[in-house]
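For reference, the chains in residue letters:
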Amino acid sequence: GDSVTQMEGPVTLSEEAFLTINCTYTATGYPSLFWYVQYPGEGLQLLLKATKADDKGSNKGFEATYRKETTSFHLEKGSVQVSDSAVYFCALSYGADRGSTLGRLYFGRGTQLTVWP
Amino acid sequence: DAGVIQSPRHEVTEMGQEVTLRCKPISGHDYLFWYRQTMMRGLELLIYFNNNVPIDDSGMPEDRFSAKMPNASFSTLKIQPSEPRDSAVYFCASSPWGSNQPQHFGDGTRLSIL
């Protein structure tokens, strides 16, 4: 079935370190891919998205490239800050060709990131 | 613009009591989703609606759980009777029609069943 697999957390980094959070997916067809972020005590927020192969989503210094050949959508940031500490979720969704699943997101388990000053 | 509004933000009640969680989606959004988040099980989709009609309720854990969407601007998730294992953070989210549309989440209701 459709699924998203994220690297296990927690991830702990020092400020200004390079971040990679791995995400791979299993899906038929051509899903769209998303990264969401959840800060403590809040709901999930969209961080970035990519809708077709080789697209790169970017926002707030974070980037992820839709790699169809490796079915991956890894999240990267060149220099993390303390304020980036949060839980990060990878997710996928389908277009209208999937009928009743239109609109639904399939989430990974989430990866906790803690950044120390 | 107002986001997705959930109430209450926190609820503490004794087992056996009825619990009602409320959600106001973003105006104009066609989809509404109810999720549950726990440390053990992560983020689970319970049910979602399209234009007020339930599309998939396969994630609703038991008959004790029910959800309604009487109109485009309001939805409820009810647990009756509640049990301690229902303790979790419950999120509501909404999104516009169409593929590739992101979901917008509320801040959640933290539910504790004693």
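None of these values were measured; they are calculated from a predicted model.

So, how was this worked out
- Residues numbered from 1 in each chain as written.
- Chains lettered and ligands numbered in written order.
- Predicted model: local features only at pLDDT ≥ 70, side-chain atom pairs only at ≥ 80, totals over all residues.
- Heavy atoms only, no water.
- Disulfide = S-S within 2.5 Å.
- Helix = DSSP H or I, 4+ residues; strand = E, 2+ residues; numbered from the N terminus.
- Buried < 20%, exposed > 50% of the residue type's maximum accessible area, 1.4 Å probe, protein only.

Participant: Lay out the state of the cysteines with the relevant residues and their values.
Facilitator: Under the defined criterion, the tally for this structure stands at two disulfides over all chains. With a sulfur-sulfur separation of 2.0 Å, cysteine 23 of chain A is cross-linked through a disulfide to cysteine 90 of chain A. Handedness here is read from the sign of the S-S torsion; for cysteine 23 of chain A and cysteine 90 of chain A, about -70 degrees, the answer is left-handed. One end of the pair, cysteine 23 of chain A, is in strand S4 (residues 23–26); the other, cysteine 90 of chain A, is in strand S10 (residues 86–93), with 67 residues separating them in the sequence. Classification of cysteine 23 of chain A by relative accessible area gives buried; the value is 1%. When its relative accessible area of 1% is taken as the criterion, cysteine 90 of chain A is described as buried. Cysteine 23 of chain B shares a disulfide with cysteine 92 of chain B; S-S distance 1.9 Å. Linking cysteine 23 of chain B and cysteine 92 of chain B, the disulfide has an S-S dihedral of approximately -65 degrees and is accordingly described as left-handed. Of the two residues, cysteine 23 of chain B sits in strand S3 (residues 19–24) while cysteine 92 of chain B sits in strand S9 (residues 88–95), which places them 69 residues apart along the sequence. According to the relative accessible area criterion, cysteine 23 of chain B is buried, its value standing at 2%. Note on cysteine 92 of chain B: relative accessible area 0%, which makes it buried.

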